[in-house]
Amino acid sequence: MSEKLQYLAIHKVGNKGNNDLLFLTKKRVVLNHEMQLLLTDYFLNAFSSEEYYQFQHDSDLGLNEVYTYASQIFENPKVFQEVSIHIAQHLYNQSLHPKIKSGEFYVVYFKDCFIDGQNVDAIGLFKSENKDTF
C-alpha cells in the first residue's frame, strides 16, 4: 500500500431537515504512523470495486461547490482543515431527506495514490452512520 494518509478531519454531520446538529472540529486529527496505516486500510479497503466519480455541473464545473473546495486543498494543502469545515457545512445543508442519518464525516487527504497508472494526491470524503470497531 503506497497511499499515505496525510491529513484527517472529523466532523459530525446531522440531518438539517430533522433539526439535527452539526459539530465542526477546528483542528485536524494528528495520527501516529500505526494509526495512519490502520485508517488508510479502513478507508480504502472497504470498497469491493474501484469506482471513480467526477465532479459535474450543468453549466460550469467551477460552480460545483465541492469541486471548488477540493481544488483549494490541492492548490494549498495548508488550508485543509478550514476547507474541510466548508465541505461539512455543505453536506449538512444538503442533508434534508428524512432517511439521512447523523454520522461522522471524514475528510482525508492522501498522498501518493496510484490511480490509472499515475501517482497522484487524492481527497476522500467518507461518512459513517453506524459505529464500527476497528
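Predicted, not measured: the structure shown is a model, and the values here were computed from it. (Residues numbered from 1 in each chain as written. Predicted model: local features only at pLDDT ≥ 70, side-chain atom pairs only at ≥ 80, totals over all residues. Heavy atoms only, no water.)

### Notes on the overall build of the chain
On a plain count of helices and strands, the chain comes out with three helices and four strands. In terms of overall size, the chain behaves like a compact globule, its C-alpha atoms giving a radius of gyration of 15 Å where 134 residues would be expected to give roughly 14 Å. For the C-alpha atoms alone, the extent of the chain along its principal axes is close to 40 × 40 × 30 Å. Among the 134 residues that make up the chain, the fraction classed as buried is 31%. Here the chain displays about 9200 Å² of accessible surface, and carbon together with sulfur accounts for 51% of that area. (Helix = DSSP H or I, 4+ residues; strand = E, 2+ residues; numbered from the N terminus. Rg over C-alpha atoms; globule rule 2.2 N^0.38 Å. Buried < 20%, exposed > 50% of the residue type's maximum accessible area, 1.4 Å probe, protein only. Areas by Shrake-Rupley, 256 points an atom, 1.4 Å probe, with all protein chains shown as cover.)

### Some details on the environment of Val-107
With respect to the helices and strands, the residue Val-107 is situated in strand β3 (residues 103–115). Leave out the neighbours within four places in its chain, and Val-107 touches Tyr-7, Leu-8, Ala-9, Phe-80, Ser-84, Ile-123, Gly-124 and Leu-125. (Contact = heavy atoms within 4.5 Å.)

### Brief notes about helix α2 (residues 65–75)
Looking only at α2, the buried set comprises Val-66, Tyr-69, Ala-70, Ser-71 and Ile-73. Between the side-chain oxygen at the start of α2 and the backbone nitrogen of Val-66 there is a gap of 3.1 Å, and the oxygen is on Asn-64. (Polar contact = N/O pair within 3.5 Å; in protein donor to acceptor, adjacent residues only side chain to side chain.)

### A few points about the side chain of Ser-84
Looking at the secondary structure, you find Ser-84 in helix α3 (residues 80–94). Ser-84 has contacts with Ala-9, His-11 and Val-107, leaving out every residue within four places of it along the chain.

### A short note on the sheet that holds strand β4 (residues 118–128)
Ordered by their spatial adjacency, four strands build an open sheet running β2-β1-β3-β4, and the pairing between neighbours is antiparallel. Each end of this open sheet is capped by a strand with a single partner; those strands are β2 (22–23) and β4. Both β3 and β4 contribute to a ladder of ten bridges, which runs antiparallel. When the bridges of β4 are listed, Tyr-109 appears paired with Ile-123. (Pairing = 2+ DSSP bridges.)

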